[in-house]
Amino acid sequence: VVLAGENGKRGTRRGGFSGHLLERFKFDAERQVWQVQFHPDIAAMFAGDEHTWLASSARRALGKGYLAKWLHGYFSTHREPHPISVERLRDLSGSGNGCLRGFRRRLREGLLEVARVERDEGRRFDWRVVPESDLVEVFRD
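Residues numbered from 1 in each chain as written. Predicted model: local features only at pLDDT ≥ 70, side-chain atom pairs only at ≥ 80, totals over all residues. Heavy atoms only, no water.

**What to know about empty space enclosed by the protein**
Part 1: Enumeration according to the criterion identifies one cavity of 30 Å³ or more in this entry.
Part 2: The space that makes up the largest cavity amounts to roughly 30 Å³.
Part 3: Leu71, His72, Phe75, Ser76, Val114, Glu118, Phe125 and Arg140 are the residues that line the largest cavity.
Part 4: For the lining of the largest cavity, the secondary structure elements donating two or more residues are helix H3 (66–76) and helix H5 (100–120).
Part 5: With four residues, the top contributor of residues to the lining of the largest cavity is H3.
Part 6: Here the lining of the largest cavity is built from residues that sort into four nonpolar, two polar and two charged. (1 Å grid on protein atoms, 1.4 Å probe; cavity = no way out; pocket = protein on both sides within 12 Å on 5 of 7 lines; lining within 4 Å. Points joined across faces, edges and corners; volume = space filled by probe spheres on them. Helix = DSSP H or I, 4+ residues; strand = E, 2+ residues; numbered from the N terminus. Nonpolar A, V, L, I, M, F, W, Y, C, P; charged D, E, K, R; others polar.)

This is the structure we're talking about:
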């Protein structure tokens, strides 16, 4: 297993890890459960702010909409989201929509859906598109 950090580089701000994911695992026949122990270096990568937790209830509430789920995942990885252009979001999301006008419509729908789900989960998710710069700004708590 090789874990990648920002921009596909190996590791994170504190380093990286290349090796086995699991230290050991065994089946407890008496309790009828598997016991799994992760390699300590892997476990350390999930401490502090080295990862992003996505609420499974929010993911389910987003339904089958690919773009809404992608936007939710993308903006969840940013503690303080930076403004990003509509065109860059289209490219990063892998949208097959070559027409920027059509993507803007789908983007608006996706952002509205993410905002609804986040609000229902008790979290703030406000957004706007700045017309002069075509930048999307997202505001979260």
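**Digging into a nonpolar patch on the surface**
Part 1: Together, Leu21, Leu22, Phe25, Phe27, Trp34, Val36 and Phe38 give the surface a local cluster of nonpolar side chains, amounting to about 700 Å² of exposed area.
Part 2: Mapped onto the nonpolar patch, the elements with two or more residues apiece are strand E1 (22–28) and strand E2 (33–38).
Part 3: Locating Phe38 in the fold gives a position in strand E2.
Part 4: In this structure Phe38 comes out as partly exposed when scored by relative accessible area, which is 44%. (Patch = residues over 30% accessible without salt bridge, like charges linked within 9 Å, V, L, I, M, F, W, Y side chains within 5 Å. Areas by Shrake-Rupley, 256 points an atom, 1.4 Å probe, with all protein chains shown as cover. Salt bridge = Lys/Arg side-chain N within 4 Å of Asp/Glu carboxyl O. Buried < 20%, exposed > 50% of the residue type's maximum accessible area, 1.4 Å probe, protein only.)

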